[in-house]
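# Observations on the three-dimensional arrangement
Here are the chains, one letter per residue:
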Amino acid sequence: MRQFTPEVVLPARRGHEQAVLGLLRAYGPLNRGELSRRCGLSRTTLHDTLSGLLAAGAVVTATPDEAPRGRGRPAERLALNPAAGQALGIDFSRRAVYVAAVGVTYEIVGTAGEAHAPGLPWPDRVALAERLVRGLLGGGLWRRALKGVGVGVVGPLTGAWDGSRDGALSGVAALLGERFGGPVLLDNNTRLAALAESTWGAAAGDQDALYLRLSYGVGGGVVAGGVLHRGADGVSGEIGHVPVDPAGRPCECGGTGCLETVASIRAVLDAYRARGGQGDDLPALKAAVEARDPIALGLLSEVGGQIGRVLAALSNAIGPRVIVVGGELAELGAPLLEPVRKALDAGAVPISRHRLTLRRAALGGVAGALGGVALALGESPLLSRYPAPEPEPEPEPGPAASPADSRAGGPADSPVGRRGGRGGPSPRPAVGWGAAQARPRRPLTPLPSLPTLPVSRGRRAAS
Ligand SMILES: [Zn+2]
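Quick notes on the rules
- Residues numbered from 1 in each chain as written.
- Predicted model: local features only at pLDDT ≥ 70, side-chain atom pairs only at ≥ 80, totals over all residues.
- Heavy atoms only, no water.
- Helix = DSSP H or I, 4+ residues; strand = E, 2+ residues; numbered from the N terminus.
- Buried < 20%, exposed > 50% of the residue type's maximum accessible area, 1.4 Å probe, protein only.
- Contact = heavy atoms within 4.5 Å.
- Areas by Shrake-Rupley, 256 points an atom, 1.4 Å probe, with all protein chains shown as cover.
- Expected span 1.5 Å × (residues − 1).
- Arc of directions from axis to C-beta.
- Axes fitted to C-alpha atoms, helices over the stretch in contact; angles between N-to-C directions.
- Parallel < 35°, antiparallel > 145°, perpendicular 65-115°, else oblique.
- Left-handed = near helix turned anticlockwise from the far one by under 90°.
- Nonpolar A, V, L, I, M, F, W, Y, C, P; charged D, E, K, R; others polar.
- Pairing = 2+ DSSP bridges.
- Core = buried A, V, L, I, M, F, W, Y, C linked by side-chain atoms within 4.5 Å.
- Donors = N, O, S within 2.8 Å, 3.2 Å for Na, K, Ca; no water.
- Salt bridge = Lys/Arg side-chain N within 4 Å of Asp/Glu carboxyl O.

### Digging into the overall build of the protein chain
Per the secondary structure count, the protein chain includes 13 helices and 13 strands. With 463 residues in all, the protein chain has 49% of them scored as buried. Considering only residue pairs separated by 6 or more positions, the protein chain has 69% of its internal contacts joining residues 24 or more positions apart. Split by element, the accessible area of the protein chain, about 20,700 Å² in all, is 55% carbon and sulfur.

The structure is reproduced here in structure tokens:
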């Protein structure tokens, strides 16, 4: 059941608005005559389009030219509103929503986040995201001005690009499109965190990086040769489902003894209590660690060793120069990360061992949302091998046409359509890896308000 009444904007008008906004992004302030020539709209249509954009706050009148030409008033120029958002990132993690917004000049307008109970229904999570965005950008200013919304969700995405992993997610994408009025791009939220850390954070500037997040889930992302790796069926980075204990606990993925069953927040807290530790939540565990509780320290040493062995195996396969560890558990610091480093040191092949650097993540909980911003802007070189986003989706007043939710054959059978078009018997989509189009990319500006890099855990001396 929808809780929202979508604003009805005719698709044609939305297209006109996007054309005008695109011109103002590309050329800066323009007068009406210049806009009309470049977009080819009639005077009446352009007038109506601009009226809507001015009323929405997406466009403002800029200072007229200094030197008047002739006797008449200088032509009024129109510009993007610097106070309106240009791209939004939203991270729907398991127990919180984070948002980040950038403005016209790609500066970060702000970031925000709020925890919620696990299992909160999607309409409520979207409403929470909208409230957080309004807090950042003010009521209404972000409407219709957005270049895009990059959204992180939990789990691998099998669809090509349009968010149709299953019926639920496709509904979420449609709902977000209604609420925020821009193209919506979905990706795995941990991979987006890897994108952000590799763009602005602990791995910025490194061409080969491996990111691991230790949170309520365990996941990661791979940057190889300066490109964020998405993988077949969007599965790249599912580090939490590498098996570490064949006799271990069942995992929600269907496997047994995955890294997530020993290194997620819940798994660590369960193991701590099972060994006689006193503490129900992360702050209690952190306090125990600071008090040098031997149960906590012994447990973290073991868990860190398991994490480090997985990272060493991945490192030998992928060859990162930097490994970044983030998530709430990484905030436990050396009692967890030093055992990680030792196991990595023991397991990495000698040629890379001395050059590999382990770092703590720099961007905190909002990394996934910042990665959504980078995805929405689409101008990070790290995305050069990513499939091009779909064209501007047409807003629909009714429920989105969600694909049939065919679960019988597993997630790989989720139909996507739109891209393949071969008409073969298999419903698998044709993922558009091959036809990456060269397009000019503006480098993303550094984020001025983010924390500085943490201390590297070391380039180790030759053993
Ligand atoms: Zn698993």
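### Quick look at helix α3 (residues 43-56)
Helix length check: α3, at 14 residues, gives a terminal C-alpha distance of 20 Å against a target of 20 Å (1.5 Å per residue), a fit within 8%. Along α3, the residues classified as buried are L46, T49, L50, G52, L53 and A56. Buried positions in α3, seen along its axis, are confined to an arc of 160 degrees and lie on one side of it. Those residues of α3 that are exposed and angled more than 90 degrees off the buried face are R43, T44 and A55. Immediately downstream of α3, the backbone of G57 shows phi near 85 degrees, a positive value.

### Re the packing of helix α8 (residues 265-274) against helix α10 (residues 294-318)
It is the contact of α8 with α10, at a shortest axis distance of 10 Å, that shows an interaxial angle of 135 degrees. Between α8 and α10, the crossing angle belongs to the class labelled oblique. The handedness of the crossing between α8 and α10 comes out as right-handed. From α8, V268, A271 and Y272 reach across to α10, where they touch I295, A296, L299, L300 and V303. Tallied by class, residues from the contact of α8 with α10 come to eight nonpolar, no polar and no charged.

### Description of the side chain of T49
With respect to the helices, strands and loops of the structure, T49 is situated in helix α3. Apart from residues no more than four positions distant in its own chain, T49 is found in contact with H16, E17, V20 and L41.

### Details of the sheet that holds strand β10 (residues 218-224)
What the five strands build is an open sheet, ordered β11-β10-β9-β12-β13; its pairing is mixed. The strands lining the two open edges of the sheet, one partner per strand, are β11 (227-229) and β13 (357-360). Strand-to-strand, the axes of this sheet are offset by a mean angle of 25 degrees, without reference to chain direction. In terms of strand pairing, strand β9 (residues 209-214) meets strand β12 (residues 322-326) through five bridges, oriented parallel. Looking across to β12, one finds that A209 is bridged to V322. Relative to the sheet, helix α6 (residues 189-199) contacts β9, β10, β11 and β12, its axis offset from that of β9 by approximately 130 degrees. Across the sheet, α10 is in contact with β9, β10 and β12; its angle to β9 comes to roughly 155 degrees.

### As for the nonpolar core
The biggest cluster of nonpolar side chains holds 39 residues, and the ones touching the most others in it are L214, I307 and L311. The biggest single contributor to this core is α10, with ten residues. Ignoring any residue separated from it by four or fewer positions in sequence, one finds I307 in contact with L212, L214, L259, A263, L336 and V340. The next biggest cluster of nonpolar side chains, apart from the first, holds 33 residues, and it includes A87, L185, V223 and V324.

### Overview of the coordination of the zinc ion
Protein coordination at the zinc ion comes from H241 (ND1), C251 (SG), C253 (SG) and C258 (SG), with a distance range of 2.0 to 2.3 Å. Sequence positions of the donors to the zinc ion reduce to the motif H-x9-C-x1-C-x4-C. Of the two residues, H241 sits in the loop between β11 and α7 (260-263) while C253 sits in the loop between β11 and α7, which places them twelve residues apart along the sequence. Residue classification places C253 among the partly exposed residues on the basis of a relative accessible area of 45%.

### Considering the pairing of strand β4 (residues 87-92)
Looking along a regular strand, one sees side chains alternate from face to face of the sheet. For β4, the buried fraction is high: six of the six residues fall into the buried class. Alternating residues of β4 divide into A87, G89 and D91 and L88, I90 and F92, and every residue in both groups is buried. Linkage of β4 to strand β5 (residues 96-102), two consecutive antiparallel strands, is achieved through a turn of three residues. In this structure, β4 lies alongside strand β7 (residues 148-153), joined through five bridges in parallel fashion.

### A word on the pattern of salt bridges
Summed over the entire model, instances satisfying the criterion amount to 16 salt bridges. The partner of R32 in a salt bridge is E76, and the shortest N-O contact between them spans 3.6 Å. Of the two residues, R32 is situated in helix α2 (residues 32-39) and E76 in the loop between β2 (59-62) and β3 (77-80); the sequence distance between them amounts to 44 residues. A relative accessible area of 31% places R32 in the partly exposed class. A relative accessible area of 36% places E76 in the partly exposed class. R275 is the salt-bridge partner of E302, the closest N and O atoms lying 2.7 Å from each other. Note that E302 is positioned in helix α10 and R275 in the loop between α8 and α9 (282-290), a separation of 27 residues in sequence. Residue E302 is classed as partly exposed on the basis of its relative accessible area, which comes to 44%. Three or more residues are tied together by salt bridges with common partners; here these are R249, D270, R273 and D280.

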